[in-house]
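Summary of the model geometry
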Amino acid sequence: MGTIAGAQNILAGLKNSGIDLIASVPDINMLQLLNLLYEDKDIAHVPVGREEEGIGVCTGAHLAGKFPAMLMQNGGLLNSANGLTTTALQFGIPVVLMIYYAGDIGDNAFHMVGLVTEPVLQGLGIKYIVMRDPAKVQQDIAGAVTLANSSKRPVALLLTRAVL
Amino acid sequence: MKRFECLQAIAPLIKDELFVTTAGGATNEWNAVRPSDGNIQVKTLGLCSSIGLGLAIGLPKRKVFVFDGDGALWMNLGSLATIGLHQPKNLIHILWDNKQYESSGGEPTVATAGTIDFAGIAKSAGIKNSRAVGTVDELKDAVSFALNNDGPHFIAANIEAGRAEVPPLKYDELENKYHFIRYVEDTEGKSILRLPQSASYLLK
């Protein structure tokens, strides 16, 4: 479910970095963060039914001048691989991928998804940070947003339970 | 009716609206009929409706057209539910239903058997202004209505298969993106491609 303090820390990092639109598909470990997003007035929250839709929404939002992020589980990263490749990467779209790292060491579900997550990101050529230190959350988010904008590419943040 | 004659018929109704056009013949034909930096091509089958939704949410005062295909919409049918959920007033989604995967060689789609009702699905998904059209006049009426009334709008245009002889696109996807963003910046008066100042300029 995550903690309220962890969710507040992440939301503050997103706002401080200028993220103003988030597309999402839920995961139980991001429940507190999603609850904050549903209440938040500064960030446009766009729930979608499948993660690849979210990559499309974030692309359109960027073309409109927004700073978008996509919140999802790593299973959703797999669902969105074609959209990431032939839209986000091929057109050069900056989007921050906020991905819950299911199947990470210490997690008890979706171990196969956990196993392939980092190799898939590497195969797609998407740089990423595995977020394990709550004290570095703000810095990690700011760094990902800076690189996404300067490289005009997706950049991923793998959220572990330690920071949620 | 043919897609090309439909595009020619609606082009005079268009001013500065933005267009997100699906991978396939609709993109080439529309850019031949109405060349504009306000047109953006799509390379991912099915994603045009989602990109259009993001654009419409990001620019709520600007009309955004999506040109979709029956094979493409089948791949992302859930986007109709998502559009129905978010109710973008400025989104006009046109389905060019030729009942085949034209760009893949004409294989059948979900629409070929004639059992699916895309406009009915859109309406049931919450897109109230949803209709099917079978003639050029009906299409022009539907587009005029959509331009003058709040949406979201969905128009399923039943067309014959076949492409018009038109030139290739002028821009690849990257050049298209930059032209499109600069067009949005100029017409909306906002900065999108905010390039950072180089570090040397920050020296005191």
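Please refer to the structure placed before this passage.
Residues numbered from 1 in each chain as written. Chains lettered and ligands numbered in written order. Predicted model: local features only at pLDDT ≥ 70, side-chain atom pairs only at ≥ 80, totals over all residues. Heavy atoms only, no water.

Describing the interface of chain B and chain A
Counting from both sides, the interface comprises 32 residues of chain B and, opposite them, 28 residues of chain A. Taken over both partners, the interface formed by chain B and chain A buries close to 2,300 Å², and the fraction arising from carbon and sulfur atoms is 66%. Between the two partners, chain B and chain A, sit zero salt bridges. At the boundary of chain B and chain A, one finds nine residue pairs in polar contact (both at pLDDT 80 or more). Looking at the side of chain B that touches chain A, the elements that each hand over two or more residues are β2 (39–41), α3 (48–58), α5 (78–86) and α8 (173–188) of chain B. Looking at the side of chain B that touches chain A, its residues break down into 17 nonpolar, 10 polar and five charged. (Contact = heavy atoms within 4.5 Å. Buried area = accessible area lost by both parts, 1.4 Å probe. Salt bridge = Lys/Arg side-chain N within 4 Å of Asp/Glu carboxyl O. Polar contact = N/O pair within 3.5 Å; in protein donor to acceptor, adjacent residues only side chain to side chain. Helix = DSSP H or I, 4+ residues; strand = E, 2+ residues; numbered from the N terminus. Nonpolar A, V, L, I, M, F, W, Y, C, P; charged D, E, K, R; others polar.)

Comments concerning the sheet that holds strand β3 (residues 68–73) of chain A
All names here are of chain A. If you walk across this open sheet you meet the six strands as β2-β1-β3-β4-β6-β5, and the pairing is parallel. Strands at the two margins of the open sheet, each flanked by one partner only, are β2 (44–47) and β5 (128–131). Each strand axis lies, on average, 20 degrees off the axis of its neighbour in the sheet, ignoring direction. The sheet contact formed by strand β1 (residues 21–24) and β2 spans four bridges and is parallel. Residue S24 lies in a different strand from β2, and its bridge partner there is P47. (Pairing = 2+ DSSP bridges. Axes fitted to C-alpha atoms, helices over the stretch in contact; angles between N-to-C directions.)

Focus on helix α2 (residues 25–33) of chain B
Listing the buried residues of α2 of chain B in full gives G25, A26, T27, E29 and W30 of chain B. The inward-facing, buried residues of α2 of chain B contact α1 (3–10), β1 (18–21), β2, β3 (64–69) and β4 (91–97) of chain B. (Buried < 20%, exposed > 50% of the residue type's maximum accessible area, 1.4 Å probe, protein only.)

A word on the pairing of strand β5 (residues 129–133) of chain B
Residues and elements named next belong to chain B. Of the strand pairs in this sheet, β5 and strand β6 (residues 153–158) are connected by five bridges, and their pairing is parallel. Across the sheet, R131 pairs through a bridge with I155, a residue of β6. Between the parallel elements β5 and β6, the chain passes through helix α7 (residues 136–148) in a crossover that is right-handed. (Right-handed = clockwise from strand over helix to strand, strands pointing away.)

What about the packing of aromatic side chains?
All names here are of chain B. For the coordinates displayed, the defined rule picks out six aromatic pairs over all chains. Consider the rings of F19 and F67, whose centres lie 5.4 Å apart with planes at 70 degrees: the pair is edge-to-face. One end of the pair, F19, is in strand β1; the other, F67, is in strand β3, with 48 residues separating them in the sequence. F19 sits in the buried class, given a relative accessible area of 0%. An aromatic cluster is defined as three or more aromatic residues linked by ring pairs; in this entry it consists of F19, W30, F65, F67 and W96. (Phe/Tyr/Trp six-rings, centres within 6.5 Å; stacked < 30°, edge-to-face > 60°.)

Focus: the sheet that holds β4 of chain B
All names here are of chain B. Spatially, β2-β1-β3-β4-β6-β5 is the arrangement adopted by the six strands of the open sheet, whose pairing is parallel. Sheet topology places β2 and β5 at the edges, where each strand pairs with a single neighbour. Averaged over all pairs of adjacent strands, the angle between strand axes in this sheet comes to 15 degrees, irrespective of strand direction. Packed on one face of the sheet, α1 meets β3 and β4 and runs near 155 degrees to β4. Relative to the sheet, α8 contacts β1 and β2, its axis offset from that of β2 by approximately 150 degrees.

Keep in mind these values describe shape, not function.
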